[in-house]
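What follows is each chain in one-letter form.
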Amino acid sequence: MSFQIMGTGKAHPQFSLTNDQLSTIVDTNDEWITSRSGIKTRFIATTETGLELTATASNQALANAGIAAADLDLIICATLQGDNVTPSLACMVQQEIGAHCPAFDLNAACTGFIYALDVAAAYLDSGRADKVLVVACEMMSKHLDWNHRSTCVLFGDGAGAVVLQKGDGLLARVLTAQSDTEQALLIPGFNNINPFSQLPHRPNVLSMSGRKVFKFAVGAMVKDVKKVLAQAGLTPAQVKMVIPHQANIRIIQSAAKLLGFTEEQTAIGIQHYGNTSSASIPLLLDDLWRQGKIQRGDIIVLSAFGGGFTTGACIIKL
Ligand code: UT7
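Treat the numbers as computed from the prediction; the structure is a model and nothing was measured.

Definitions and limits used
- Residues numbered from 1 in each chain as written.
- Predicted model: local features only at pLDDT ≥ 70, side-chain atom pairs only at ≥ 80, totals over all residues.
- Heavy atoms only, no water.
- Core = buried A, V, L, I, M, F, W, Y, C linked by side-chain atoms within 4.5 Å.
- Buried < 20%, exposed > 50% of the residue type's maximum accessible area, 1.4 Å probe, protein only.
- Domains from an automatic or database assignment.
- Pairing = 2+ DSSP bridges.
- Helix = DSSP H or I, 4+ residues; strand = E, 2+ residues; numbered from the N terminus.
- Axes fitted to C-alpha atoms, helices over the stretch in contact; angles between N-to-C directions.
- Contact = heavy atoms within 4.5 Å.
- Polar contact = N/O pair within 3.5 Å; in protein donor to acceptor, adjacent residues only side chain to side chain.
- Near = heavy atom within 4 Å.
- Areas by Shrake-Rupley, 256 points an atom, 1.4 Å probe, with all protein chains shown as cover.
- Nonpolar A, V, L, I, M, F, W, Y, C, P; charged D, E, K, R; others polar.
- Right-handed = clockwise from strand over helix to strand, strands pointing away.

Draft legend 1. The arrangement of the nonpolar core in detail. The biggest cluster of nonpolar side chains holds 41 residues, and the ones touching the most others in it are Leu117, Leu302 and Ile316. Composition of this core by domain shows at least three residues from each of domain 1 (4–168) and domain 2 (172–317). Ile67, Met92, Cys101 and Ala103 belong to the second-largest nonpolar core, a separate cluster that totals 29 residues.

Next up, the structure:
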């Protein structure tokens, strides 16, 4: 059973920040950012909230699916953190779009969209839902130290959504989690303001050991995608497009090459969006769907890795 994708949507802030503009606030340059990451621009929120992006992407997906928000049985929002700790982004968007169903946030870092698809599939399979909205929204700009050149140049803000109904489109999936004991990818919780606490104050901005994450990412993507291809009994040649998490163009190209996917089969949008964490896959999915580059009946592979560490991949027949 599992699901069929009925419609897709996306949203991003208005302001597109270029590498040259970044070089006026930190010691960097377009050549370094482009050659090391593939990023040219990223969208950064100025007036937009996470709720606005989430609602826009969700409404687009509902319109594309041809159903009303009131018909939804469940909303899952993948996010590192919504506009508030509570209410959740999912609850806020439920009201904003006019839905009445249960709603919750899910945090699996950059793998959040694939984790959320898996949870949605379980609800649909068990008969507890007929129509599910899965939306990923990340406001990475609020998690960054904007004085830290090795991280602030890499990320962007955005949201992507899909509406799912019962169907037989999920051909294979794999999810993994393993503790990142060395904290290679870390965003600490809140600033410690408890007057009784004797724990150290840790600013709640993102820090990353880029090389460690890079090495982990390529190996994990190759392993996961091989697993789902074997589960589904498919070869790379039978796949229309692989849509990988957009963290670094070199990670994507290395993994795609090792797996035997051609350039034409490998979706890349990092040059415009930067790394939007869990939103990166659904953002690209919507672009490809609306541009007609993927169509009903095509087989696509999604693959992501992220903080935790978490990883996940799935194969979907559209
Ligand atoms: O979504 C999941 C999370 N993130 C990732 O998947 C990221 C995975 N890692 C990566 O994408 C890459 O490791 C980076 C793009 C983060 C970094 O690329 P790298 O080739 O691993 O560079 P590096 O960190 O080894 O830094 C090389 C040099 C250093 O200078 P020295 O020590 O060699 O003199 C850095 O200080 O580049 C320097 N550097 C910069 N230079 C100009 C670091 N950031 C910048 C910058 N502009 N923005």
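Draft legend 2. Geometry of the sheet that holds strand E7 (residues 157–166). On the basis of which strands lie adjacent, the open sheet formed by five strands has the order E1-E7-E6-E4-E5 and mixed pairing. In the strand order of this sheet, the two ends are held by strand E1 (3–11) and strand E5 (103–106), each with one partner. Pairwise comparison of adjacent strand axes, ignoring direction, gives a mean angle of 20 degrees for this sheet. With eight bridges joining them, E1 and E7 adopt antiparallel strand pairing. Following the sheet pairing, Gly9 is matched in E7 by Ala161. Strand contacts of helix H3 (residues 50–65): E1, strand E4 (74–78), strand E6 (131–139) and E7, with the helix running at about 135 degrees to E1, the strand carrying the most contacts.

Draft legend 3. The environment of Arg173, seen in detail. Take Arg173: it is sitting in strand E8 (residues 170–177). For the pair formed by Arg173 and Cys77, sequence separation is 96 residues and the distance between their alpha carbons is 19 Å. Ignoring any residue separated from it by four or fewer positions in sequence, one finds Arg173 in contact with Ser2, Asp118, Ala121, Asp125, Val228, Gln231, Ala313 and Cys314. A distance of 2.7 Å separates the side chain of Arg173 from the side chain of Asp118, its partner in a polar contact.

Draft legend 4. Seen up close, the environment of Tyr123. With respect to the element layout, Tyr123 can be found in helix H5 (residues 112–126). Each C-alpha atom, one on Tyr123 and one on Ala313, is 19 Å from the other, the two residues being 190 residues apart in sequence. The residues touching Tyr123, leaving out its near neighbours within four places in the chain, are Leu74, Phe104, Arg128 and Ala129.

Draft legend 5. Inspection of the site of the ligand at higher detail. Near the ligand there are 22 residues, and of these Thr28, Arg36, Arg211, Asn248 and Asn275 occur at the shortest range. A distance of 3.0 Å is found between a nitrogen atom of the ligand and a backbone nitrogen or oxygen belonging to Arg149. Here the ligand, which alone exposes 960 Å², has 76% of that area covered by the protein. For the shell around the ligand, the secondary-structure elements that each account for two or more residues are helix H2 (30–37), helix H6 (149–152), helix H7 (210–232) and helix H8 (249–259). A total of four residues in the shell around the ligand trace back to one element, the largest contributor, which is H7. Tallied by class, residues from the shell around the ligand come to eleven nonpolar, six polar and five charged. Residue-level mapping places the shell around the ligand at the junction of two domains, with at least three residues from each of domain 1 (4–168) and domain 2 (172–317).

Draft legend 6. The pairing of E4, seen in detail. Burial analysis of E4 places five of its five residues in the buried class, the great majority of the element. Here E4 shows no split at all, with Leu74, Ile76 and Ala78 on one side and Ile75 and Cys77 on the other all buried. Sheet topology note: the E4/E5 ladder contains four bridges and is parallel. Directly across from Cys77, in E5, lies its bridge partner Asp105. A crossover links E4 with its parallel partner E5, the connecting element being helix H4 (residues 89–97), and its sense is right-handed.

Distances and angles like these do not, on their own, reveal function.
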